[in-house]
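# Breakdown of the fold
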Amino acid sequence: MQNKGLIKVFAILFGLVCIYQLSFTFITNRVEDEAEEYAIQKIGEDVDNYSVLRDAEEKRYLDSIGGDEIIAGITYNDAKEKELNKGLDLKGGINVILQISVRDILHGLANNTNDPAFNRALDQADAAQKDSQEDYIDLFFEAFNEIPDARLASPDAFFNKSLSDDINAEMSNAEVEEVIRKKVDESITSAFEVLRKRIDKFGVTQPNIQRLGNSGRILVELPGAKDISRVQNLLQSTAQLEFWHVYKSNDFGNFLAQANNRLIDLVGDKKETQQEADTTATEDSDIDELLAEAEEDDSSDAPTGNNPLFDLIRTPGSPGGPVLAYFSTRDTAKAMEYLNKSQVRSLLPADQRYAKFVWGIPEGDADIVGLYALKGNRNMTPPLSGDVITDAQQTFDQVGRIAVSMQMDGRGAKIWEEMTGYASNNQSQIAIVLDNIVYSAPGVSSGPISGGRSEITGDFTITEGQDLANVLRAGKLPASADIIQSEIVGPSLGQEAIDSGILSFAIALIFVLLWMIFYYGKAGIYADIALAVNILFIFGILAGLGAVLTLPGIAGIVLTIGISVDANVLIFERIREELAKGKMQKDAIKDGFNNALSSILDANITTGLTGFILLILGTGPIKGFATTLLIGIATSLFTAIFITRLFIDGYAKSGKELPFSTSATKNLFKNVKIDWLGKRKLAYVISGILIIISLGSLLVQGLNLGVDFVGGRTYTVRFDQDVSPTDVQDDLVAVFESAEAKTFGPNNQLKITTNYRVEDDGAEVDQEIQRTMFDALQEYLPADLTYEQFEAGGTDRELGIMQSMKVGPTIADDIKNDSFWAILGSLVVIFLYILLRFRKWQFSIGSVAAVAHDVIIVLGVFSLLYKVMPFSMEINQAFIAAILTVIGYSLNDTVVVFDRIREYVNEHTSWNLDITINKALDSTISRTLNTSLTTLIVLLAIFIFGGESIRGFMFALIVGVIVGTYSSLFIATPVMFDSVTDKAKIQKKKKLEEEPETTV
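The model shown is predicted, which means the values in this text are computed figures rather than measured ones. By convention here, each chain's residues receive numbers from 1 onward along its written sequence. Whole-chain, interface and lining totals are the exception, using all residues; otherwise, since this is a predicted model, local features are given only for residues with pLDDT of at least 70 and side-chain atom pairs are given and counted only at 80 or more. Computation of side-chain values: all heavy atoms of the structure, hydrogens and water removed.

## Structural notes on the sheet that holds strand β22 (residues 749-754)
Sheets are built from strands paired through backbone hydrogen bonds, the pairs being either parallel or antiparallel. For two strands to count as paired, DSSP must find a minimum of two bridges between them. Secondary structure elements follow DSSP: runs of H or I no shorter than four residues count as helices, runs of E no shorter than two count as strands, and numbering proceeds from the N terminus. The strand order β5-β6-β4-β18-β23-β20-β22-β21 describes an open sheet built from eight strands, whose pairing is antiparallel. Lying at the two open borders of the sheet, with one neighbouring strand each, are β5 (208-212) and β21 (740-743). Taken over all neighbouring pairs, the strand axes of this sheet differ in orientation by 20 degrees on average, direction set aside. Examined bridge by bridge, β5 and strand β6 (residues 217-223) share five bridges and lie antiparallel to one another. Directly across from Gln210, in β6, lies its bridge partner Leu219. Set on the sheet, helix α23 (residues 725-736) makes contact with β21 and β22; between it and β21 the angle comes to about 160 degrees. Axis geometry follows a simple rule: fit a line to the C-alpha atoms, using only the stretch in contact for helices, then measure angles between N-to-C directions, giving values from 0 to 180 degrees. Throughout, a residue-residue contact means that at least one pair of heavy atoms, one from each residue, lies within 4.5 Å.

Below, the structure is given as structure tokens:
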């Protein structure tokens, strides 16, 4: 090997760089352990809410020493920025995909038009998107263009004042489409920047935010975030801040009385019908009803039942004040339904016909909320909106209440001065409205307010005030943002994942190290050193690139350990062959490395191609798995080809004999003579039966599709005792209509899945479902467990929702579609690569047939066994990653076999093709079984000790390795052989020296 000195220098320098990169992780881990110990000592478990207080104390400790030098000028804050990032499943936190509403953007660009044709096209696009993979904007344009004579450049569409610089009345629909696409993209970019600023202000370390193509979707990952509800509200808040003139309560006294009288007529018939039905009740029911009425009479809040609107009013508004009346929060929906009835709104006088009714914020703990009437206009646009805000800070008002102070730009300051001047002259109020809720409606008594400074007051906590200021300062979203996919992992589950990952990693590593020494003796020690260097390189590169380490990422590293020895196995087996030919040790080593290089490169490139497909199409943990797999392939090649050889060449120079086997393995697989092709018909029968069984099960029983593919919500819930999944499922079906509960790991932990209200987005819907589930599970939970302790996220704990995931139906369709194309794309890419590499289409046919065989059987196994296995066998994104990895592994093995066949065909031109193939398979059987066994043991270690969340993923890989090894010997090669068209050249077996020349 040439340039050994250069390789030594590079390896040493690169190793030092990796150690340097990983040193930041060691520093942060040590400091955070000290902070945790400090918090534990300061706050005992006997203190109420001790876990929350410990978290706060730990954060204060880290903040106080963050700038102190630890070593060589490095501070904790410096190290934290450069440490190895841990993913959601290792650190806990939240991962969401937000869908920016393109409908809202289009409606806003059209100046909130009321044009029936325009809004019909929006509705049709909404309906079409549920079953389509096209972008929303494409669906809208398709629907709009189907409307006769509809023009996008119409004043009722996009030819308006705000777009007058870009669109004129003469433009065609195609020309307007181009402009609107650009505007929509700008709005989504704006939304991305707004979210990024909000997240930066939120204070989560190592956040990840990125746009997902042109679909209007934004991925947000916040490892370590614990206040999940706060995060969800922060991400979805549109921050539509508006300033409105508001009516006085005196202005609406007559209207409310008239509205109540009109409602008596409108809802009277329903009450009479109900009363008639009541008279048919049984005597016992009458008694119960009388008792209930008697109890209700004791309450001063009880409605009389004679006045639909007035019965809902708890307290009238103050004369001259902005609140029309106060209602119970539980009655707000009914009251707003009454007020917005067309028959009721028709009672408004002409100067009030555009009045907009909105609610205020609840009045402390009194459970009542005020009703306001804003002075609207034809287009319902406020005189001043929040886009004029240049700065916002959480402050305190004159009486010490928490408030948010705002500063406006020049344009806003001018309008604000006009609005406050009007309010001062008319002794009226200005309502400050955020997301359609009145936070305050102050009066102005001191004349116009200049300078553009204003203040929002309300019943805020300090955290709420800070979040509101952050949202206002970052800006408003140009459209609503809905969470269509989310994953929440509690920190306790994350720590368990770390522990199980480290354990599986250690067991797999120890086994591989010992196996290499057992099988290859002293040469195995050098391979182990190269493997240790390989692991250092992998972690160092991950830290240097700022990549995120996930639990599947750890699985990828452990799998890399298993398959990285393949390169050393190939090299050592070729060296043993050369030594068996009688070559000197130096020449055998040189020829062994050279002869193995082609197989090593082909095998790793095919595996790398599937890794790239995973990296491109995968998200979250799957991308982490692909990242570590690709890095592992690259580092494995370098360490096996160069580092191992440095040690072996160095030892060989001393003249000492270097054995590449031990006494127990010296004669293993020598003189193997198996008629592989002669057994192909039996193999075809066996495989055919397995494929028929697999396809039959897939058609009859199907697969256990996870929420990734069908949409829904899934929760990992831990109890303080063993529970029956059947009993829990029955209780949940009673409230959710459809639900499934399965044991997930230990008997006190369940995975609960439901598609109840799967199409409804919003944090309030998620909270409602979790609250309903909490109520339904009461008999299985400790009596003193509160909902706050039960809900997803939060601080370290051992009970409640440990992990949750939500996938909307639209994105579930996209995931299925992407998964299909990922598998199909990998097959096409591999077919083309093998065709290019081996220059014979027969090799491509054989490899693709073997891969298809493996995929069908793995799917069949999952279909047959998912109802009986004691672990989850869901078909989800992780399973697709496993399938692609199986494809890569199967090809790895097949390519090594094909490479040896190609070599034998070129070397032994006088042999029959069937003899050539059998001899090639005989010569590779040692490598095939050695690598497969090593990989299989590694996978079993992860399967047993790696944690419940990746057990199904590992099982798919285990089945894939077994089936892949079989198919490379009994499917890929026989199919390649049978696809040769000129059978005349293949004669019956004769003695080897009598065989005529033949070629593929």
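Now, onward.
## Section: the pairing of strand β7 (residues 241-246)
Of all six residues making up β7, six are buried, and the element is well covered by its neighbours. Side chains of β7 alternate between two faces, with Leu241, Phe243 and His245 and Glu242, Trp244 and Val246 buried alike. Sheet topology note: the β7/strand β15 (residues 429-434) ladder contains six bridges and is antiparallel. Along β15, the bridge assignment pairs Leu241 with Leu434. Pairing of β7 with strand β12 (residues 384-385) involves two bridges; the strand directions are antiparallel. When accessible area is computed with a 1.4 Å probe and restricted to protein chains, residues below 20% of their type maximum are described as buried, those above 50% as exposed, and intermediate ones as partly exposed.

## A few points about the side chain of Arg576
For Arg576, the location among the structural elements is in helix α18 (residues 551-580). We classify Arg576 as buried; its relative accessible area is 15%. Setting aside its immediate chain neighbours within four residues, Arg576 contacts Tyr519, Tyr520, Phe660, Ser661, Thr665, Lys666 and Leu668.

## Comments concerning the pattern of salt bridges
The rule for a salt bridge is simple: a side-chain nitrogen of Lys or Arg has to be within 4 Å of a carboxyl oxygen of Asp or Glu. Counting across every chain of the model gives 22 salt bridges. Here Arg30 and Glu34 are joined by a salt bridge, their closest N and O atoms 3.4 Å apart. Taken as a pair, Arg30 and Glu34 lie in helix α1 (residues 4-42) at a separation of four residues, close to a single helical turn. Taking relative accessible area as the criterion, Glu34 reaches 36% and is therefore assigned partly exposed. Notably, a salt bridge pairs Arg103 with Asp126, separated by 2.4 Å at the nearest N-O pair. Here Arg103 is found in helix α5 (residues 102-109), whereas its partner Asp126 is found in helix α6 (residues 116-129), with 23 residues between them in sequence. On the basis of relative accessibility, which here comes to 28%, the residue Asp126 falls in the partly exposed class. Salt bridges sharing partners connect three or more residues here, namely Arg574, Glu577, Arg900 and Glu903.

## Focus: the sheet that holds strand β14 (residues 402-408)
Taking strand neighbours across the sheet as the criterion, the three strands line up as β13-β14-β17 in an open arrangement whose pairing is antiparallel. Taken across any chain shown, the strands that pair with only one partner, and hence form the sheet edges, are β13 (389-396) and β17 (453-457). The sheet shows a mean angle of 25 degrees between the axes of neighbouring strands, direction not considered. Where β14 and β17 come together, five bridges link them in antiparallel fashion. From the neighbouring strand, Met406 faces β17, where its bridge partner is Ser454.

## Describing the environment of Leu468
Mapped onto the secondary structure, Leu468 falls in helix α15 (residues 462-474). Judged by relative accessible area, which is 8%, Leu468 ranks as buried. When the C-alpha positions of Leu468 and Leu434 are compared, they lie 9.6 Å apart, and in sequence the two are 34 residues distant.

## Notes on helix α19 (residues 585-617)
Look at α19: 47 Å from first C-alpha to last across 33 residues, which is about the 48 Å you get at 1.5 Å a residue. Bend at a residue means the angle formed by two fitted axes: the first through the 7 residues ending at that position, the second through the 7 residues beginning there. At Leu597, α19 shows its strongest bend, of approximately 35 degrees. To estimate how far a helix should reach, multiply one less than its number of residues by 1.5 Å.

## Observations regarding the packing of aromatic side chains
To pair, rings of Phe, Tyr and Trp, with the six-membered ring standing in for Trp, must have centres within 6.5 Å; the planes then decide the type, stacked if under 30 degrees apart, edge-to-face if over 60, and tilted in the middle. The full count for this structure, using the stated rule, is 37 aromatic pairs. An angle of 55 degrees between the planes, with centres 6.2 Å apart, marks the rings of Tyr526 and Tyr651 as tilted. In this pair, Tyr526 is assigned in helix α17 (residues 522-545) and Tyr651 in helix α20 (residues 621-653), connecting sequence segments 125 residues apart. By the burial criterion, Tyr526 is buried, and Tyr651 matches it. Between Phe638 and Phe642, the ring centres sit 5.4 Å apart and the planes meet at 45 degrees, which makes this aromatic pair tilted.

## Remarks on α23
Side chains that are three or four residues apart share a direction in an α-helix, a result of its 3.6 residues per turn. Counted at 1.5 Å a residue, the expected span for α23 with its twelve residues is 16 Å, and the 15 Å between its end C-alpha atoms agrees. Those residues of α23 that sit buried are Val728, Leu732 and Phe736. On an axial view of α23, the arc spanned by its buried residues comes to 55 degrees, and they lie on one face. Among the exposed residues of α23, those oriented more than 90 degrees off its buried face are Thr726 and Ala734. By construction, the arc corresponds to the directions joining the helix axis to the C-beta atoms.

## A short note on the nonpolar core
Within the largest apolar cluster, 133 residues are counted, with the highest numbers of intra-cluster contacts made by Phe572, Phe879 and Ile887. Ranked by the residues each element gives to this core, the list is headed by helix α28 (residues 877-907), at 17 residues. In this view, Ile887 contacts Thr610, Ile823, Ser826, Leu827, Ile830, Val851 and Val855; residues no more than four positions away in its chain are not counted. Think of a nonpolar core as a cluster: buried Ala, Val, Leu, Ile, Met, Phe, Trp, Tyr and Cys residues, connected wherever their side-chain atoms sit within 4.5 Å. Counting residues in each nonpolar core, the second largest holds 50 residues, with Leu152, Met171, Ala191 and Ile209 among its members.

## Describing unusual backbone geometry
The phi dihedral of Ala72 is positive, around 50 degrees, even though this residue is not glycine. Residue position: Ala72 is located in the loop between β1 (69-71) and β2 (74-75). Unlike most non-glycine residues, Gln427 shows phi in positive territory, near 50 degrees. When you line up the elements, Gln427 lands in the loop between α14 (410-426) and β15.

## A look at the packing of α5 against α6
Between α5 and α6, the shortest axis-to-axis distance is 11 Å and the interhelical angle comes to 170 degrees. The angle between α5 and α6 falls in the class roughly antiparallel. Judged by residue contacts, Arg103, Leu106 and His107 of α5 engage Phe118, Asn119, Leu122, Asp123 and Asp126 from α6. Under the grouping applied here, Gly and all other residues not named as nonpolar or charged are polar, the nonpolar ones being Ala, Val, Leu, Ile, Met, Phe, Trp, Tyr, Cys and Pro and the charged ones Asp, Glu, Lys and Arg. Taken together, the residues of the contact of α5 with α6 break down into three nonpolar, two polar and three charged. Each angle is binned into one of four classes, with values under 35 degrees roughly parallel, values over 145 roughly antiparallel, values of 65 to 115 roughly perpendicular, and all other values oblique.

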